[in-house]
Amino acid sequence: MLRRLLWFLVRWSGLLVVPGGVLWALSPIGASISETAFGTPNVFWKLFPSAPLLLLAGLVGLQVRQWGRSGLLQKIGFGLVLLGLVLVVAGDAGLYWLGLDDVYIMTAPAYRAFRLGLLLLGAGSILFGLAAPRDGALPTWGLLPFVVGSLCGLLAFAMDLGAFGTVLWMLFGLGWAWLGLSLAVHGFLSFRRAGRTARAGAAAEG
């Protein structure tokens, strides 16, 4: 019983990408509020790791649902996203909690880790979405907006585009949230179809 419960929780942990994506999309607003309220955006950026951590937990759940069907390219994309998220969290902690770059000014290890993590996250997300099996657990209609959002994110991470880059950053988060919502809707519709089929079978036998 406990094993079945754990398996259920792992499979549906993919829905955590919804709050993770929403928090990521709202992060520019959070940084602006922090700047207004505290005179610095650093207060917000100390809390920012909650978004990539939720994405990381959700990503594992998404991949577990389709591990047997996913090909090499999607597994590589999964690995890149996983590594990217870890580097983003580590870089953020190094920058805003540990102050590593204040000590190692010339090398700026935390900032470099954060930027590298973003680039791996964007590229890996694109590969993860493009290589997803079309008959897998993730609905096809949820993958295209996710890939577009991932491309927007990669552009925002790779170049300084000012206000337009902020919009692209937000679209990246919304792409992840959309993917999670599409999984929820797909699961609900599949559950309803299974229920109707079972009732029809029971009526036919009766």
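Residues numbered from 1 in each chain as written. Predicted model: local features only at pLDDT ≥ 70, side-chain atom pairs only at ≥ 80, totals over all residues. Heavy atoms only, no water.

## What about the layout of surface pockets?
If you add up the space inside the largest pocket, you get close to 480 Å³. For the largest pocket, the lining is made up of 18 residues, of which W45, F114, L118, A156 and W169 are closest to its centre. For the lining of the largest pocket, the secondary structure elements donating two or more residues are α2 (17-38), α5 (72-96), α7 (109-130), α8 (140-158) and α9 (162-205). Of the residues contributing to the lining of the largest pocket, the split by class is twelve nonpolar, four polar and two charged. (1 Å grid on protein atoms, 1.4 Å probe; cavity = no way out; pocket = protein on both sides within 12 Å on 5 of 7 lines; lining within 4 Å. Points joined across faces, edges and corners; volume = space filled by probe spheres on them. Helix = DSSP H or I, 4+ residues; strand = E, 2+ residues; numbered from the N terminus. Nonpolar A, V, L, I, M, F, W, Y, C, P; charged D, E, K, R; others polar.)

## Observations concerning the nonpolar core
W24, F48, L62, W169 and W176 are the most contacted members of the largest nonpolar core, which totals 33 residues. Taken together, the elements giving at least two residues each to this core come down to α2, α3 (42-47), α4 (50-66), α5, α7, α8 and α9. In this view, F48 contacts W24, S27, V88, D92, F114 and W169; residues no more than four positions away in its chain are not counted. (Core = buried A, V, L, I, M, F, W, Y, C linked by side-chain atoms within 4.5 Å. Buried < 20%, exposed > 50% of the residue type's maximum accessible area, 1.4 Å probe, protein only. Contact = heavy atoms within 4.5 Å.)

## Let's talk about α5
Helix length check: α5 (25 residues) gives 36 Å between terminal C-alpha atoms against 36 Å at 1.5 Å per residue, within 8%. Of the residues making up α5, those classed as buried are Q74, G77, F78, V81, G84, L85, V88, V89, G91, D92 and G94. (Expected span 1.5 Å × (residues − 1).)

## Topic: the packing of α2 against α4
Contact pair α2 / α4: the axes reach a minimum separation of 7 Å and the direction vectors enclose 150°. The orientation of α2 with respect to α4, classified from their angle, is roughly antiparallel. For the element pair α2 and α4, the recorded crossing hand is left-handed. Side by side, α2 and α4 meet where V17, P19, G20, G21, L23 and W24 of the first sit next to S50, A51, P52, L54, L55, G58, L59 and L62 of the second. By residue class, the composition of the contact of α2 with α4 is ten nonpolar, four polar and no charged. (Axes fitted to C-alpha atoms, helices over the stretch in contact; angles between N-to-C directions. Parallel < 35°, antiparallel > 145°, perpendicular 65-115°, else oblique. Left-handed = near helix turned anticlockwise from the far one by under 90°.)

## Considerations on the side chain of S27
Its place among the elements puts S27 in helix α2. Under the relative-accessibility criterion, S27 is labelled buried at 1%. Looking at S27, its side chain comes within polar contact range of the side chain of W169, at 2.7 Å. Leave out the neighbours within four places in its chain, and S27 touches F44, F48 and W169. (Polar contact = N/O pair within 3.5 Å; in protein donor to acceptor, adjacent residues only side chain to side chain.)

## A few points about the confidence of the model for the chain
Considering every residue of the chain, the mean pLDDT works out to 89; 85% of them sit at 70 or more. Looking across the chain, the model is least confident in helix α1 (residues 2-12), with a mean pLDDT of 68, and most confident in α7, with 97. (pLDDT = per-residue confidence, 0-100.)

## Points about unusual backbone geometry
Of note, A108 is a non-glycine position whose phi angle comes to about 45°, a positive value. Here A108 lies in the loop between α6 (100-103) and α7. Judged by its relative accessible area of 16%, A108 is buried.

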